[in-house]
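Given next are the chains, with one letter for each unit.
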Amino acid sequence: MVKLCKLLYQEILKQQEIRGKVISSFSNSFNVLSNDKIITVLNSSEKIQPFSIAGEKITVIPVVDDEITINERGIYLSGSLICLFDELVIYDPFLCLNYRSTVKKIADNFLKLERLLLSNREIEGIATVLYPHNYSLTKGYEYIVDEINDWLNYYQYGQKTQLKKKSVDICGFGYGLTPSCDDFLAGVMLCDLMKDIYENKNTANKIKEYSDFVHLCKNKTNKISLTLLENSAQGMCNEVTKNLLQALFSQEDILEQYAKKMLKIGHCSGADMLCGILTAYKYAKPKV
């Protein structure tokens, strides 16, 4: 089985063929740059995300600068087929909510999520800044403590001008391909948009507001992390995060399952994003 992002699939049908060059390659994934857009290819169907292809049948991982072609039939490396789209599942990356829970149940879910996060004693990153009594501060994160505290103050009291500036200031800070603060900000935006969906609010204005902020970050972080922020501002995310947010705001009793999967994302990317999700809820709880 191969999972294909709905937006990418539509683009393939529109263009008939997408060509690009590999810009980064890892043991189980690679990133292709095509017309200034990053397409991620992963060898696990559980890791599907916006503008990505994911499936166990991807057995060849190309190297940087290799030429990649994608069409309706599959993925080609220098003309040779490396992944056949025979059993195709289309993934919609946009946040949605089919079943709404009560405000009390949501509060219980977020409390449970926080407990699950804090029960993991090996976490690094933003959690060590937000929960100093539970963790030793990650080495190198001393600089960000006051910055995050200022950010939290602006967020809590709705000081939008200062908040946007501080968000740009912290963007790009941290370890990993997607730095800690970027993952944190992505989690905040996604949870905030999910709250609006829960409350049946029109998300258009907030999406524009977040997209304007991300545009200011284009020289603050790397291309892959900027893509994460751009997607999050639009209300798009990987399948694990989408399922977790749906579980938080619905009656489904699958929260622990997806929280554990989130914590396995990257070195601390999943934990950093969970911190953003928890922060967005803590300072602006949803209403019925």
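Note that the structure is a prediction, hence the values are computed from the model and not measured.

Colleague: Just to check I follow, could you spell out the pattern of salt bridges for this structure?
Modeller: Side chains that differ in charge, positive against negative, can pair when their charged atoms come close. Using the criterion set out here, one finds 15 salt bridges in the structure. Across the pair Lys3 and Glu239 runs a salt bridge whose closest N-O atoms are separated by 2.8 Å. Residue Lys3 is located in strand E1 (residues 2-5), and its partner Glu239 is located in helix H9 (residues 239-248); the two are separated by 236 residues in the primary sequence. With relative accessibility at 13%, the residue Lys3 sits in the buried group. A salt bridge links Asp108 to Lys104; the nearest nitrogen and oxygen atoms lie 3.1 Å apart. Highlighted residues: Asp108 and Lys104, both in helix H2 (residues 103-118), separated by four residues, approximately one helical turn. Exposure remark for Asp108: the relative accessible area of 39% places this residue in the partly exposed category.

Colleague: Explain the sheet that holds strand E7 (residues 74-77) here, please?
Modeller: Note on sheets: strands pair through backbone hydrogen bonds, and any given pair is parallel or antiparallel. Reading across the sheet, the nine strands line up as E8-E7-E6-E2-E3-E4-E5-E1-E9 and stay open at both edges, with mixed pairing between neighbours. Each having just a single partner strand, strand E8 (80-84) and strand E9 (88-91) make up the two edges of the open sheet. Across the sheet, the mean angle separating the axes of adjacent strands is 25° when strand polarity is ignored. As paired strands, strand E2 (residues 17-25) and strand E6 (residues 67-71) are joined by five bridges and run antiparallel to one another. By the bridge assignment, Lys21 is partnered in E6 with Glu67.

Colleague: Mind showing me how you'd approach the packing of helix H6 (residues 180-198) against helix H8 (residues 223-233) here?
Modeller: To characterise two packed helices, one gives the angle between the axes of the helices and the distance between these axes. Running from N to C, H6 and H8 point in directions that differ by 10°, and their axes come no closer than 8 Å. Taken together, the axis directions place H6 and H8 in an arrangement best described as roughly parallel. When H6 is examined against H8, the residues Asp182, Asp183, Leu185, Ala186, Met189, Leu190 and Leu193 are found in contact with a partner set consisting of Ser225, Leu228, Leu229, Ser232 and Ala233. In terms of residue class, the contact of H6 with H8 is built from eight nonpolar, two polar and two charged.

So, how was this worked out
- Residues numbered from 1 in each chain as written.
- Predicted model: local features only at pLDDT ≥ 70, side-chain atom pairs only at ≥ 80, totals over all residues.
- Heavy atoms only, no water.
- Salt bridge = Lys/Arg side-chain N within 4 Å of Asp/Glu carboxyl O.
- Helix = DSSP H or I, 4+ residues; strand = E, 2+ residues; numbered from the N terminus.
- Buried < 20%, exposed > 50% of the residue type's maximum accessible area, 1.4 Å probe, protein only.
- Pairing = 2+ DSSP bridges.
- Axes fitted to C-alpha atoms, helices over the stretch in contact; angles between N-to-C directions.
- Parallel < 35°, antiparallel > 145°, perpendicular 65-115°, else oblique.
- Contact = heavy atoms within 4.5 Å.
- Nonpolar A, V, L, I, M, F, W, Y, C, P; charged D, E, K, R; others polar.

Read these as geometric descriptors, not functional statements.
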